Amino acid sequence: MYTAPFDYRRAHDTQEVVTWLQEDPDNTKIIAGGHSLLPLMKLRLASVARLVDISQVAELQGIREDMGGLRIGAFTRHAQLAKDPAVREAAPLLASAAAVIGDMQVRNRGTIGGSLCHADPAADLPAALLALNAELVIAGPGTERRESLDAFFLAPFITTLAADEVLTAIVVPRMVPGAKSTYLKRPHPASGYPVIGVAAWVSVSGGRVEDCRIALTGIGPVPFRAARSEQVLTGRAFSREAIAEAAREAAGSGTLEDDEDGYKSQLCQVYVSRALGDIAQGAG
Amino acid sequence: MAEEFASAPHFVGARIPRTEDSRLLRGEAQYLDDIQIPNLLEMAFVRSPYAAARILSVDSSAAWNIPGVRAVFTFADMPFVLPQNGPSPIDQPVLARERVRHAGEAVVAVVAESRYIAEDACEAVHVAYTPEEPVLDMQAAQKDRPRRVHDAAPNVFYHQEYETEGFQAAFDTAPHRLTMTFQTTRQTACSLETRGIIAAADPFSGRMTVYCGTQSPHRLRGDLAEMLQMEEHLLRVIVPEVGGAFGMKAATYPEYLAVVQAARLLRQPVKWTADRVESFLSDVHARDDIHDLEVAFDQRGQIIAVKDHLMADGGAYASYPFSGAIGETSLAAKVITGPYDIAHLSTVIDCTYSNKVPLGAYRGVWGPVASFVQEGMVDRIAQFLHLDAAEVRRTNLVQPNQLPYRNAAGMLYDSGSFTESFEHALAQLDYTRWRATQEQARRVGKYLGIGLSNFVEPTAMASSEAGSIGYESCSVRVEPSGTVTAWLGLGPSGQGHETTMAQVLADQLGVDLEHIVVLHGDTDAAPLGGGTGGSRSGPLGGGAAMQAGRKMRERLDVYAAHMLEAAVEDIAWEHGRAHVRGVYARHVSLRDIARIAYNDVRQIPSGLPIGLEVTERYQPPRPVSFSNGTHAAVVEVNPSTGQVTVLDYVVVNDCGTLINPLIVEGQIHGGVAQGVGAALLESLVYDDSGQLLTTTLMDYLLPSAPLVPRMRIEHLVTPSDGALGVKGMGEGSLIASPAAIAGAVNDALSPWGVSFERLPIAPRDIVTSLGRSSAAPV
Amino acid sequence: MNEVPVTLWVNGQTYAVRVSPRKLLSDVIREDIGLTGTHVGCEHGVCGACTVWVDDRPTRSCLMFAIQAEGHAVTTIEALAQHGQLNVLQQALHEEHGLQCGFCTPGIVMTMEAYLHEHPNPTVDDIRDALSGNLCRCTGYQNIVAGVQKAARVFAQNSSGATSAAGNESTHLSEGGREYV
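Draft legend 1. Examining the overall build of chain A more closely. Of the regular secondary structure elements, chain A holds 11 helices and 14 strands. Whereas a compact globule of 284 residues would reach a radius of gyration of roughly 19 Å, chain A reaches 19 Å, a difference of no more than 12%. Across its three principal axes, chain A shows a C-alpha extent of roughly 60 × 45 × 30 Å. Burial status across chain A gives 58% buried among its 284 residues. The long-range fraction of contacts in chain A, counting pairs at least 24 apart against all pairs at least 6 apart in sequence, stands at 63%.

Draft legend 2. Broad picture of the overall build of chain B. When helices and strands are tallied, chain B shows 19 helices and 31 strands. Referenced to the eigenvectors of the C-alpha coordinate spread, the extents of chain B come out at roughly 90 × 70 × 55 Å. By the burial criterion, 62% of the 778 residues in chain B qualify as buried. In chain B, of all internal contacts separated by at least 6 residues, the share reaching a separation of at least 24 is 81%.

Draft legend 3. Examining the domain arrangement of chain A more closely. Residues and elements named next belong to chain A. Under the domain assignment used here, chain A contains domain 1 (7-53), domain 2 (62-172) and domain 3 (180-280). Here domain 1 and domain 2 have C-alpha centroids that lie 19 Å from each other. Facing 13 residues of domain 1, the contacting portion of domain 2 comprises 17 residues. When the residues that make up the side of domain 1 that touches domain 2 are grouped by side-chain class, the tally is 6 nonpolar, 6 polar and 1 charged.

Draft legend 4. Looking closely at the sheet that holds strand β24 (residues 571-574) of chain B. All names here are of chain B. Pairing in this open sheet of 3 strands is antiparallel, and the strands run β24-β25-β26 from one edge to the other. Bordering the open sheet on either side are β24 and β26 (583-589), each of which pairs with just one other strand. This sheet shows a mean twist of 35° between the axes of neighbouring strands, independent of strand direction.

Draft legend 5. The interface of chain C and chain B, seen in detail. Every contact between the two is made by 48 residues of chain C and, on the other side, 52 residues of chain B. Of all the elements in the fold, those that place two or more residues in the side of chain C that touches chain B are α2 (88-95), α3 (105-118), α4 (124-130) and α5 (142-160) of chain C. Take the side of chain C that touches chain B: its biggest share by element is 4 residues, from α2 of chain C. Taken together, the residues of the side of chain C that touches chain B break down into 19 nonpolar, 20 polar and 9 charged.

Draft legend 6. Quick look at the pairing of strand β7 (residues 106-112) of chain B. Residue and element names in this part refer to chain B. When you tally the buried positions in β7, you get 7 out of 7 residues, the bulk of the element. Across 6 bridges, the pairing between strand β1 (residues 41-47) and β7 is antiparallel. Pairing of phenylalanine 45 across the sheet is with alanine 109, part of β7. Pairing of strand β3 (residues 69-73) with β7, which is carried by 4 bridges, proceeds in the antiparallel orientation. Across the sheet, residue phenylalanine 73 finds its bridge partner in β7, namely alanine 109.

Draft legend 7. Spatial organisation of the nonpolar core. Counting 415 residues, the largest nonpolar core has Leu94 of chain A together with Val110 and Val635 of chain B as the members making the most contacts within it. Considering each element in turn, this core owes the most residues, 10 residues, to helix α18 (residues 732-748) of chain B. Residues within four places of leucine 94 of chain A in sequence aside, it is in contact with Leu81, Val87, Ala128, Leu129, Leu132 and Val172 of chain A.

Draft legend 8. Structural detail: the packing of helix α17 (residues 661-680) of chain B against α18 of chain B. Residues and elements named next belong to chain B. Following both chains from N to C, one finds α17 and α18 inclined at 40°, their axes separated by 7 Å at the closest point. It follows from the interaxial angle that α17 and α18 lie oblique. Between α17 and α18 lies a crossing of right-handed hand. Contact residues: Gln667, Ile668, Gly671, Val672, Gln674, Gly675, Val676, Ala678, Ala679 and Leu680 in α17; Gly732, Ser733, Leu734, Ser737, Pro738, Ile741 and Ala742 in α18.

Draft legend 9. Local environment of the sheet that holds strand β8 (residues 126-131) of chain B. All names here are of chain B. Pairing within the open sheet is antiparallel, and its 3 strands lie in the order β6-β2-β8. One side of each edge strand has no neighbouring strand; the edge strands of this open sheet are β6 (99-100) and β8. Pairing geometry for strand β2 (residues 53-59) and β6, over 2 bridges, is antiparallel. Pairing of alanine 53 across the sheet is with valine 100, part of β6.

Draft legend 10. The arrangement of the domain arrangement of chain B in detail. All names here are of chain B. Per the domain assignment, the segments making up chain B are domain 1 (2-29 + 471-618), domain 2 (32-132 + 190-282) and domain 3 (370-461 + 623-770). Centre-to-centre separation of domain 2 and domain 3, based on C-alpha positions: 38 Å. Tallying the contact residues gives 9 residues for domain 2 and 10 residues for domain 3. Class assignment of the residues belonging to the side of domain 2 that touches domain 3 gives a composition of 7 nonpolar, 1 polar and 1 charged.

Draft legend 11. Quick look at the pairing of strand β3 (residues 50-53) of chain A. Residue and element names in this part refer to chain A. With 4 bridges connecting them, strand β1 (residues 7-10) and β3 associate as parallel partners. Within β3, the residue paired with arginine 10 across the bridge is aspartate 53. Following the backbone out of strand β2 (residues 28-31), through helix α2 (residues 37-42) and into the adjacent parallel β3, one traces a crossover that is right-handed.

Draft legend 12. Representation of the environment of serine 61 of chain C in the model. Residue and element names in this part refer to chain C. Residue placement: serine 61 occurs in the loop between β4 (57-60) and β5 (73-75). Distance in space between the C-alpha atoms of serine 61 and asparagine 143 is 26 Å, their sequence separation being 82 residues. With residues up to four places along the chain from it excluded, the contact list for serine 61 reads Leu24, Leu25, Ser26, Ile29, Thr38, Cys50 and Val52.

Draft legend 13. Region of interest: the interface of chain C and chain A. Listed by partner, the interface residues are 24 residues for chain C and 22 residues for chain A. For the side of chain C that touches chain A, the secondary-structure elements that each account for two or more residues are β4 and α3 of chain C. Among the elements that make up the side of chain C that touches chain A, the one with the highest residue count is β4 of chain C (4 residues). A per-class count over the side of chain C that touches chain A returns 9 nonpolar, 11 polar and 4 charged.

Draft legend 14. Broad picture of helix α10 (residues 367-385) of chain B. The first and last C-alpha atoms of α10 of chain B sit 27 Å apart over 19 residues, in line with the 27 Å expected at 1.5 Å per residue. One or two steps after α10 of chain B, the chain reaches histidine 386 of chain B, where phi turns positive at roughly 55°.

Draft legend 15. Looking closely at the environment of isoleucine 55 of chain B. Residues and elements named next belong to chain B. Along the chain, isoleucine 55 falls in strand β2. Under the C-beta neighbour-count criterion, isoleucine 55 is labelled buried, with 20 such atoms within 10 Å. A C-alpha to C-alpha distance of 50 Å links isoleucine 55 and glycine 451, two positions 396 residues apart in sequence. With residues up to four places along the chain from it excluded, the contact list for isoleucine 55 reads Ala96, Glu98, Arg99, Val100, Val107, Val127 and Tyr129.

Draft legend 16. Broad picture of α17 of chain B. If you check α17 of chain B, its first and last C-alpha atoms are 28 Å apart, about what 20 residues at 1.5 Å a residue would give, namely 28 Å. The buried count for α17 of chain B comes to 18 of 20 residues, which makes it a mostly enclosed element.

Draft legend 17. Representation of the packing of helix α14 (residues 497-509) of chain B against helix α15 (residues 537-564) of chain B. Residues and elements named next belong to chain B. Taken N-terminus to C-terminus, the directions of α14 and α15 make an angle of 35°; their axes are 8 Å apart at the nearest point. Relative to α15, the crossing made by α14 is right-handed. Within the contact between the two elements, α14 uses His497, Thr500, Met501, Val504, Leu505, Gln508 and Leu509 and α15 uses Ser537, Gly538, Gly541, Gly542, Ala545, Met546, Gly549, Arg550, Met552 and Arg553. Here the residues of the contact of α14 with α15 sort into 7 nonpolar, 8 polar and 2 charged.

Draft legend 18. Structural detail: the confidence of the model for chain B. Across chain B, the average pLDDT comes to 95, with 98% of residues at 70 or higher. Confidence metrics for the complex model read pTM 0.96 and ipTM 0.96.

Draft legend 19. Here's a closer look at unusual backbone geometry. Residue and element names in this part refer to chain B. In this model, arginine 145 is joined to proline 146 through a cis peptide bond whose omega is 0°. Considering the arrangement of structural elements, one finds proline 146 in the loop between α4 (138-141) and β9 (156-163). Each neighbour pair has its own omega, and for tyrosine 320 with proline 321 the value is 0°, a cis peptide bond. Even without glycine at this site, asparagine 39 takes up a positive phi of about 60°. In this fold, asparagine 39 is placed in the loop between α1 (21-25) and β1. For asparagine 39, a count of 8 C-beta atoms within 10 Å gives the class exposed. Positive phi is not limited to glycine here, since glutamate 98 has a value of about 70°.

Draft legend 20. Expanded view of the environment of serine 61 of chain B. Residue and element names in this part refer to chain B. Relative to the helices and strands, serine 61 is located in helix α2 (residues 61-64). When the 10 C-beta atoms within 10 Å are taken as the criterion, serine 61 is described as exposed. As for serine 61 and alanine 121, which are separated by 60 residues in sequence, their C-alpha atoms are 9.8 Å apart.

Thresholds, definitions, all that
Residues numbered from 1 in each chain as written. Chains lettered and ligands numbered in written order. Predicted model: local features only at pLDDT ≥ 70, side-chain atom pairs only at ≥ 80, totals over all residues. Helix = DSSP H or I, 4+ residues; strand = E, 2+ residues; numbered from the N terminus. Rg over C-alpha atoms; globule rule 2.2 N^0.38 Å. Buried ≥ 20, exposed ≤ 12 C-beta atoms within 10 Å, placed from the backbone. Contact = placed C-beta atoms within 7 Å. Domains from an automatic or database assignment. Nonpolar A, V, L, I, M, F, W, Y, C, P; charged D, E, K, R; others polar. Pairing = 2+ DSSP bridges. Axes fitted to C-alpha atoms, helices over the stretch in contact; angles between N-to-C directions. Core = buried A, V, L, I, M, F, W, Y, C linked by C-beta atoms within 7 Å. Parallel < 35°, antiparallel > 145°, perpendicular 65-115°, else oblique. Left-handed = near helix turned anticlockwise from the far one by under 90°. Right-handed = clockwise from strand over helix to strand, strands pointing away. Expected span 1.5 Å × (residues − 1). pLDDT = per-residue confidence, 0-100.

This is the structure:
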């Protein structure tokens, strides 16, 4: 089970990556951690003529303050996210989601940018980042643009990223006082991918939900926000009843695939309810 | 049994860490793919993308043009077959001949300078097919629908019927009858090391050396010689370190013939190692049985008669030399009553061909399925009669005074501890406490279940997947320096034979463990034996070691008596030194004796041969020796997510004399983990076109550390009447555990009246079976 | 083939090899460098048999091209037993019978050795969780867990003289971690 031959290039800055992508956009692939790409290449499901290694691009690394939030380099590995003090303080939801990705070996290689750009419908970080209202910094030929993560995922393994663009950083707003968050998943027994993953972010004031974001992964074609659940909660007392209603709404989100027997909506309801319950009980 | 030990046992029975470990822990052990041979070529296969098709043409011209490609073979280049096998009238070609009969069947073999290049070349081979309708359903296949897999033979390749006298009357007049259908999907051994083989001409002798992780080195040599029309004495099979086998590596596979033949044709060493996708498409599969069962019983739950239609989907060919379909069903039919005293039995067996991977051996052949059927049947009776599951088992267990006991199928249970192991397991588990906890938990919406599984394990059989050699062999040589080398015909893959066989020899010879080395798996060195499989290595290999050790010891005693001027009966041995009993000052060392035996041969006591070498073969007194035991599991099932968590797991095991309890327990742990997989995770899934959908470890789920429970093990010892009182035990843990786990899940779900009769039980199955009404308790 | 020069630093030694960029780190370690203790079990990032350290972090060498390892320190199982002496974890696995066929063992040693360096005082559930990226088909994990516990105790004694809290493995708890009594 080996990949077809390819040409390997190691990039040193973002524009170099963009240039190489421009030269042959259809057959050039960026490799970050490689844990999603390599299995596909080995099964010869992904054809790659040129592989661009971005591990030496300094601009893609590092975590720093950015206008009240955190700017996280796209090449930041999951293990780094999980233990970085700044991430744990400013975006604990992201750190806790990163800590339960796959297994130790996966966390040591996988990167936040790789996880987003690969757009596997069952990845952990997209849910956490959706619930955090993350913004993406994307470099193209001579340009840089910012895009909300909300619209990024189009279909399984397909994003708004153009063939000559590269994700350089993810900007995550800082946790606000009064907000709590949690990430809860049911790991797949072999891959550790979420069979379902729920990221919840709830800001409560005077017993009422001021604002909330609930994102799900693993059960739909793309990670998504449970908009109706969020509407149900917002402005209401953070009660058992409200949580139950939000969980029911999540189960009826309508984006669940392959769910004739109702199993996925059942899981959805249980896990959304548990995640919100954890936050309500202060465990989040 | 003490009289069987030439000296007081210091080593047999002791928890001795293994001598094998050091090389394995340091990464220095040589598995097949670690062997480096100059100019080694690598083989890869073009495999059928169809479950059933006619081959129209093969165009390999593009493949030949790739630099580094050395050969492209089709059946025409190597027209060999694995011959028809037992009742199956069909042979299996080395490479597909005109037709392909399962997805993954090897069609073309490519040999190149590296595996990378060989795989590129496989992509460049174009095979044109006309697809045919695949045969995928075993019940339809019995009626040759939708068609025959092989034109030349009906799909049913094995049919057998058996009935005890008076069955029908007993069945008809019983107070109660229940009908049920049990099913297990396809599973496979899935050793972490895949299969592989190297064939290399020996430059010194011109003979062919074959390296292969087989369980039966001598049998493989014989098979290769016969099937490839080679001279057996010009073949040498060496078994390197083997990374797990579990019955699956006992078979002789088409790829093995292809590699040896390629090495002959190319006059260069050739290797093939399966990648993981190939493993799933070409290693023998297992299980895949249906049992249509009717059971008759009285109001106390005493089972009166069992009627079972056993069916197995044997796949495209009968795996050589052991058809898993026949093994799973014919053995199951003989022990389907387990340790229960059931007077009447009626069985019908149908094994069919299909367009799937051949069915072969996987640890516990027959047992995981039959135990699941047998215990499921008892649980259903208990539920029906509203009796306690343990009570119904007590009612039915074979009692101590009934032993030896001949079961309804005619199998003789030579000895055992059925009632004792069951009561011990209940006590270990604290059954009554768990029953009370179960009640309390239900009141707060938590669902616990208890599963009980009593098993019998036929071991040390004359015939198994390892072959049909009813004995095992051992050669012992005391070296001129007084250390000991022993060879056995076994083919171990992690069972620790180098340690256990040395323990047996050390006690026989009165020498310390570090002065003995045990070798195996080289047909040039080891005496001809059967190999490892069917839980035979402990009782048969151990018997051979004991017998060879004793024979050597008798000779050494004569030497010592002669040199110490004492009677043979007065000689005692310790730490490699013989002394006159009670007089430690008068002693002679094994080294002293060896010096005479080899170098100072005029001093050899009269009547003894020069040298210190013996070869012995041990045949057990019975064709089969039964181990037994009880597994008990407690699980929690979350009805809203289907998640199953094992809370407690108890094993009471009786395999007679324990050579090394540490190793016995390790075997049990591993078997239970595989049982967790069998019950909850592992399933080879085919789609409607006959494509295998589960071809990576992402899809075929093996149990990982967080999913496997901690086990508590208690040993009972009911010795056999064979050597040392040892019984086999490699399979009992996987025979019993799926039934225990499945029984516990069903018990947990009893408030819903849901009972699974099909393995594995996935979370989705549980949630959907409980229905939407079981909405999440928020 | 388009072979390129690749310089690897493995177990403290520098190796200059010429390999195709598609050649996996696991294959280069095994075939070009000749260290065959690193095994390949599933080729898909599930079984963990191929685990080595890249810059001291457990990494699956079958999911990495050798060329990606340039400039990084690679450590394999062969580096762990100094002068042929088993290290503490290896010795503990031996004593607790934490291996059978041994194929998964080097990967497990590499994973758990690194884990114990970062988490010297793990609970049984921590150990099982840390093992989740390494499959073993023989042992049922029980004696591996026992071996890791024993190694943790030895580490703790060696470093502080105190006994580690890694006690006997307790009964597994349900999903919510609640025990029934």
